[in-house]
Amino acid sequence: MGKGVRVVWVAALAGAGFVPAIAHAQLNDPKPGQGAPQSAPQAPKDVTPTDPQQAAPIVTDKAFEAALPKLSDDINAPLEPIGGFQKPAAAKPNAAPPAAPTAPATPVQQTPVVVDEQGFAPAGPEAPEMAAPLPPLAEFKVEPVADTADDGDKAPAIRYTTEVDGLAELRLDDEFRSLSALQHGKGKAANAAMVTARAREDEKLALRLLKSLGYYDGTATSSIAQNPPNSGNLRATIIASPGKLYRLGSVRIESDPTNPPGLLDRELNLNPGDPIQADRVLGAEANVSLRMPQQGYPFIELGQRDIVLDDATHTGDYTLPVTLGPRASFGQIQTAGRRQVFTPEHINVFRRYREGQVYDSRKVDDLRQALIATGLFSTVSVEPQRTGKPGPDGTEQVDLLVRQVAGKARTLAGELGYSTGQGVKAQASWAHRNLFPPEGALTVSGILGTQEQALTTTFRRSNAGKRDRTFLVTASLNHQDYDAFEAFTSTLSARISRDSTPIWQKRWTYYYGAELVGSNEDRYNYSLGKRDRGTWLIAAIPTFLGYDTSDDLLNPTRGYRIKGNLSAETSVRGSVRPYARAMLEVDGYYPVTSSIVLAGRVRAGSISGVSRDDLPPSRRYYGGGGGSVRGFGYQELGPRSPDDKPVGGRSFNEFGIEARYRFGNYGIVPFLDAGQVYEGTAPTGRNLRFGAGIGGRLYTNFGPLRIDVATPIARKKNESKIALYISIGQAF
């Protein structure tokens, strides 16, 4: 390297001395275009120069030849180093030639450039832009470039078919096709490379499915071929070979002992010899996580399973680490939250366990559902909290922390319906569900219809001293104007009940209470042979008992319901006339197929102890209408007065059957109803009237919207030809 540098410096020095000599020679013998004016006087050619320096050359030829670097005769030899040379600046276009020196130039000593071991000069200063921080990634625009191609120009596509072999025997064919990349492509691709890529993905899918069943030695291959040859259409074939099935060798749980012993082994339920199937293993572990908190271990944690496979025996040893946590018993209720609704004392009303009882997560879930059913929370959760306090039988006391955030307590609701005989009826209500804490609700509702108007105020105390027990006080003013009667009624009632709700449907329901009714009504007076008005004061003790096994409150598809009413009453109009009202109803639901439900109803009622004419018309039984025998107007069935208006009766019976066919959110319901009202105290079943029709259903998240159209069979004079009913919920 040093010798090369030195050689370069010799050439540089020679050049430095040579260039001034040339310039000096040009000045001594100027020619046009070489920097001297053409009109300059010239010396005679025969004159001998007097300056010796002008006659002798600046550098002799011998010295010049010696200064040049030695060149190799090999044209393939590497070039000499150029570390010391500097490239002269390029002359600007149209620039004037440099001025010629008047004296010989002295050779300039150049400062050598520092280079590294590889002969490169050091890098210059870094540009400021390179040191600036990069812009945030979020500021980059990632929108795809708009496709400016003509919509009519579609990319060419090839078609292919898919064949799968080896998975059907393992019942994996359907699952494979639901996840297959080839199947998702729907037999089309832009090119053969895309089909190949999809086939490669399906190879991996087939292997995953085989391993999920325990075939860890399984293989899968794919092939692409033209089908038929030279047609351009392709056939993708996936061939899977499962190999040997791996089974569990040993099953071991790393955990502290349980109480009772062997509890983890029983709930895991994995045994040596069982196939190592992914869904079975995951299901067994999930069962442990679910069942152990139901048996006193709320803080159990499952670790990462380990399965060691043996290729020789085709078995796998299973190990599951489990952090059991303490065995727990129920402690106290704690509350937390920004806007709390209930105190711990009222929450204790909802619980179905005793303090000191072994912890059971099902009872915790039941408590949370009961709190949700109140409708007073925006969010509510129930979480076990360790206390470190000893409980009975070697357990640790665990408190339940109820985190609660109050929701909106006010509700505004409305309902609109129509039926033949009752006309249009609009109902609206305003309620504050916690105006008198805890759970003291005030509801004001009104009915505005073509034949009924009412105003009702209700106080309701839910979970009154006991879970699911409701105390209800109602005051109402009502006006009803129907063909059977016109009545102005005021009612004051109180009752204690256990009711079902759409969120919390109960098996047993009941109510009992007291009722005081004052009514002014018109009636047909058979003694006078004309209609007149009368005023009655009625006192009653109504009771109800229901048993419900159906699967839904508004849209049942299976099960049955039994309902019974009994009310001891007395009517005061001049004298006291005690009597009893009774009614029994049985509803049944049977799913014929997944989309067809057969529903039936039988209902009967009786009033004993008083004559029909001594009863206020509003307390008698009537038949006909959307909730009774469809095809007839409201209260249209039964005995009629001489002025051809219904007068009601002391007994009735009704029957109904429907075939509810549902498709998606819609349904069609053909139905047949039958019934009759009788003057006597016992329903005889004679002179039954039938109504038939068809209905439509729109199923919503709050219940089915019902539209029924029916007509009476063997219609009589003055009876409706067509009856229409619109409401929410099924007919029964």
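Going by the structure above, here's the rest.
Given the structure is predicted, the values throughout are model-derived calculations rather than measurements.

What counts and what doesn't
- Residues numbered from 1 in each chain as written.
- Predicted model: local features only at pLDDT ≥ 70, side-chain atom pairs only at ≥ 80, totals over all residues.
- Heavy atoms only, no water.
- Helix = DSSP H or I, 4+ residues; strand = E, 2+ residues; numbered from the N terminus.
- Contact = heavy atoms within 4.5 Å.
- Salt bridge = Lys/Arg side-chain N within 4 Å of Asp/Glu carboxyl O.
- Pairing = 2+ DSSP bridges.
- Axes fitted to C-alpha atoms, helices over the stretch in contact; angles between N-to-C directions.
- Phe/Tyr/Trp six-rings, centres within 6.5 Å; stacked < 30°, edge-to-face > 60°.
- Buried < 20%, exposed > 50% of the residue type's maximum accessible area, 1.4 Å probe, protein only.
- Polar contact = N/O pair within 3.5 Å; in protein donor to acceptor, adjacent residues only side chain to side chain.
- 1 Å grid on protein atoms, 1.4 Å probe; cavity = no way out; pocket = protein on both sides within 12 Å on 5 of 7 lines; lining within 4 Å.
- Points joined across faces, edges and corners; volume = space filled by probe spheres on them.
- Expected span 1.5 Å × (residues − 1).
- Patch = residues over 30% accessible without salt bridge, like charges linked within 9 Å, V, L, I, M, F, W, Y side chains within 5 Å.
- Areas by Shrake-Rupley, 256 points an atom, 1.4 Å probe, with all protein chains shown as cover.
- Lys, Arg positive; Asp, Glu negative; His and termini not counted.
- Charge placed at Lys NZ, Arg CZ, Asp CG, Glu CD.

Turning our eyes to something else, we now look at the overall build of the protein chain. Scanning the protein chain from N- to C-terminus turns up eleven helices and 27 strands. Across the protein chain, contacts joining residues at least 24 apart in sequence account for 57% of those joining residues at least 6 apart.

A few words on the pattern of salt bridges. A pair can form between side chains of opposite charge whenever their charged atoms are brought close. Per the counting criterion, the structure on display carries 43 salt bridges. In this structure, a network of salt bridges that share partners links the residues Arg630, Glu658, Arg660, Asp673, Arg697, Arg706 and Asp708.

As a further point, take the sheet that holds strand β3 (residues 219–226). Pairing within the open sheet is mixed, and its four strands lie in the order β2-β1-β4-β3. Lying at the two open borders of the sheet, with one neighbouring strand each, are β2 (188–189) and β3. Strand direction decides the pairing type here: strand β1 (residues 158–165) and β2, joined by two bridges, are antiparallel. Each residue of the ladder has a partner; that of arginine 159, found in β2, is lysine 188. Sitting on the sheet, helix α7 (residues 192–212) touches β1, β2, β3 and β4 (234–241), and the angle it makes with β3 is about 155°.

Attention shifts here to the packing of aromatic side chains. Summed over all chains, the structure comprises 17 aromatic pairs. Centroid distance tyrosine 511 to phenylalanine 544: 5.4 Å. Interplanar angle 15°. Geometry classified as stacked. You can see tyrosine 511 sitting in strand β18 (residues 508–525) and its partner phenylalanine 544 sitting in strand β19 (residues 530–548), a full 33 residues away along the chain. With respect to burial, tyrosine 511 and phenylalanine 544 carry one shared label: buried. An aromatic cluster of three or more residues is present, and its members are Tyr482, Phe485, Tyr622 and Tyr634.

Regular strands place side chains that alternate from one sheet face to the opposite one. As judged from the eleven bridges shared by strand β23 (residues 651–663) and strand β24 (residues 666–678), these two strands associate in the antiparallel manner. By the bridge assignment, glycine 656 is partnered in β24 with aspartate 673. Between the antiparallel neighbours β23 and β24 lie two residues, among them glycine 664 with a positive phi of about 65°. As paired elements, β24 and strand β25 (residues 689–700) share ten bridges and run antiparallel to each other. Each bridged residue has a counterpart across the sheet, and for tyrosine 666 the counterpart in β25 is leucine 698.

Structurally, serine 550 is set in the loop between β19 and β20 (559–572). Side-chain polar atoms of serine 550 contact the side chain of aspartate 548, separated by 2.6 Å. Apart from residues lying up to four places away in sequence, serine 550 is in contact with Gln505, Pro556, Arg558, Gly559, Tyr560, Arg561 and Tyr589.

A few words on empty space enclosed by the protein. Counting across every chain of the model gives three cavities of 30 Å³ or more. Taken as a whole, the largest cavity spans an internal volume of roughly 60 Å³.

Moving on, we come to the environment of aspartate 551. Mapped onto the fold, aspartate 551 is located in the loop between β19 and β20. A sequence separation of 46 residues divides aspartate 551 from glutamine 505, and the C-alpha atoms of the two residues are 8.7 Å apart. Leave out the neighbours within four places in its chain, and aspartate 551 touches Gln505, Pro556, Thr557 and Arg558. Side chain to side chain, aspartate 551 and threonine 557 meet in a polar contact 2.4 Å long.

Moving on, we come to helix α11 (residues 361–373). With 13 residues, α11 ought to run about 18 Å at 1.5 Å a step, and its terminal C-alpha atoms sit 18 Å apart, in line with that. Each element contacted by the buried residues of α11 is listed here: α9 (278–291), β9 (328–336), α10 (344–347), β10 (377–390) and β11 (396–406). The opening residue of α11, the one whose side-chain oxygen lies 3.0 Å from the backbone nitrogen of arginine 362, is aspartate 360. Where α11 terminates, the next one or two residues include glycine 375, which has phi positive at roughly 75°.

Quick look at a negative patch on the surface now. A surface patch of like charges, here negative, comprises Asp217, Asp310, Asp311 and Asp317. For aspartate 311, the position within the fold is in the loop between β7 (306–310) and β8 (315–323).

Turning our eyes to something else, we now look at α7. If you check α7, its first and last C-alpha atoms are 30 Å apart, about what 21 residues at 1.5 Å a residue would give, namely 30 Å. Listed as buried for α7 are Val195, Arg198, Ala199, Asp202, Glu203, Leu205, Ala206, Leu209 and Leu210. A side-chain oxygen of the first residue of α7 lies 3.3 Å from the backbone nitrogen of alanine 193; this N-cap is asparagine 191. One or two residues past the end of α7 sits glycine 214, with phi positive at roughly 100°.

Looking at chain direction, strand β17 (residues 486–498) and β18 are connected through twelve bridges and run antiparallel. What sits directly across from serine 493, in β18, is glutamate 515. Summarising the sheet, β18 and β19 pair through 16 bridges and their orientation is antiparallel. Looking at the pairing, threonine 509 lines up with glycine 546 of β19.

We now examine the environment of leucine 207. With respect to the element layout, leucine 207 can be found in helix α7. Look at leucine 207 and you get partly exposed, because its relative accessible area is 28%. In this structure, the C-alpha to C-alpha distance between leucine 207 and aspartate 217, residues ten residues apart in sequence, is 9.1 Å.

On to the sheet that holds β10, then. The mixed open sheet is built from three strands, whose spatial order is β9-β11-β10. In this open sheet, the two strands that pair with only one neighbour each are β9 and β10. Direction aside, the axes of adjacent strands within the sheet are offset by 25° on average. Pairing analysis gives ten bridges linking β10 to β11, with the strands arranged antiparallel. Paired with serine 381 across the two strands is arginine 403, which belongs to β11. Strand contacts of α11: β9, β10 and β11, with the helix running at about 150° to β10, the strand carrying the most contacts.

Turning our attention to the side chain of serine 361. The topology assignment puts serine 361 in helix α11. Take serine 361: its relative accessible area is 14%, and that puts it in the buried class. When sequence neighbours within four positions are dropped, the list of residues in contact with serine 361 reads Leu290, Pro293 and Gln294.

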